Amino acid sequence: MAGISVDNLSVGYDRHPAVVNLNGAFQAGSLTAVVGPNGSGKSTLLKALAGHCKPLAGRIDLGGLKPADIAYLPQAHALDLKFPLTLEDLVGFGFIGRRGLFGGFSRADRERLHGLMAQVGLEGLERRPIGSVSGGQLQRALFARVMAQDAKLVLLDEPFNGIDARAAEDLAQLMARWPDQGRTVVAVLHDLDLVRRLCPQSLVMARQAVAWGPTEAAISPAQLTRARKLAESWNVSDEPPLTAIHQAEHV
């Protein structure tokens, strides 16, 4: 599997850039944390990598990956919680990319689905309606749906939101094993202690890349302070000061 590269990538909405002149690569089989202040373009970057947001400029090279090879967990779900859907149904949607909408479930698929639900702490809750569970349980089911997709590229936007600390740690440990399975993982995270423990690579953003490389150097206090100051300087206007953009530090 090839890595994922971006070349002079700018992404935004209504011609207003949220990500500006991003250059770099996510190596195949790597785990990269994306960190930075609020409004720094982290979620927009993941949407672009997932194909949900068209670049304003530059390009994304997915290394030949197809849509079915990409699993994306957005920060906020768009589920209708009144819809008659069970947690098992929700996780089962993760099989559609491989089986097709009308492909049906084999016995092995069913066993794998229940195994995934057990891994995220939902054993025994398979038949619970999605509108009857807690936000944390729903988030765990969405995490299991990503796992069911068996994707080569996994994009996670704040995947541990609404989950208690113990469950978050369990899911984070699952995430940390995915690169050993040949998956490339890019995760927007705010828990810097977790990032230091589990993520070998980090990208620090403030619309542009502030630092990109091994985590210990990339999320040093100096780099995080630089990102915060840069983000604050952009808060005074809807448009970033393009003439003041510096090259990212590849550390």
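Okay, so let's go over this structure.

Criteria and cut-off values
Residues numbered from 1 in each chain as written. Predicted model: local features only at pLDDT ≥ 70, side-chain atom pairs only at ≥ 80, totals over all residues. Heavy atoms only, no water. Helix = DSSP H or I, 4+ residues; strand = E, 2+ residues; numbered from the N terminus. Buried < 20%, exposed > 50% of the residue type's maximum accessible area, 1.4 Å probe, protein only. Contact = heavy atoms within 4.5 Å. Areas by Shrake-Rupley, 256 points an atom, 1.4 Å probe, with all protein chains shown as cover. Axes fitted to C-alpha atoms, helices over the stretch in contact; angles between N-to-C directions. Parallel < 35°, antiparallel > 145°, perpendicular 65-115°, else oblique. Left-handed = near helix turned anticlockwise from the far one by under 90°. Nonpolar A, V, L, I, M, F, W, Y, C, P; charged D, E, K, R; others polar. Pairing = 2+ DSSP bridges.

## Topic: the overall build of the protein chain
A tally of regular secondary structure across the protein chain gives nine helices and 10 strands. The buried share of the protein chain, taken over its 251 residues, is 48%. Taking all contacts inside the protein chain whose residues are at least 6 apart in sequence as the whole, residues at least 24 apart take part in 69%. Split by element, the accessible area of the protein chain, about 12100 Å² in all, is 51% carbon and sulfur.

## As for unusual backbone geometry
For Glu158, which is not glycine, the phi dihedral falls at a positive 50 degrees. By the secondary structure assignment, Glu158 is in the loop between strand E6 (153-157) and helix H6 (165-177). For Glu158, a relative accessible area of 12% gives the class buried. The phi angle at Arg207 is positive, at roughly 70 degrees, despite the residue not being glycine. Within the secondary structure, Arg207 sits in the loop between strand E8 (201-206) and strand E9 (208-214).

## Structural notes on the packing of helix H4 (residues 107-119) against helix H5 (residues 135-148)
Relative orientation of the contacting elements H4 and H5 amounts to 135 degrees, with a least axis distance of 9 Å. Taken together, the axes of H4 and H5 lie oblique to each other. In the packing of H4 onto H5, the handedness of the crossing is right-handed. Of H5, the residues touching H4 (which contributes Arg112, Leu116 and Gln119) are Ala144, Met147 and Ala148. Broken down by class, the residue content of the contact of H4 with H5 amounts to four nonpolar, one polar and one charged.

## Observations concerning the sheet that holds strand E1 (residues 4-13)
Taken in spatial order, the three strands of this open sheet run E2-E1-E4, and their pairing is antiparallel. The strands lining the two open edges of the sheet, one partner per strand, are strand E2 (16-26) and strand E4 (55-61). Within the sheet, the average angular offset between the axes of one strand and its neighbour, ignoring direction, is 15 degrees. Across seven bridges, the pairing between E1 and E2 is antiparallel. Of the residues in E2, the one forming a bridge with Tyr13 is His16. Lying over the sheet, helix H1 (residues 42-50) contacts E1, E2 and E4, oriented at roughly 115 degrees with respect to E1.

Purely spatial values, then, with no claim about function.
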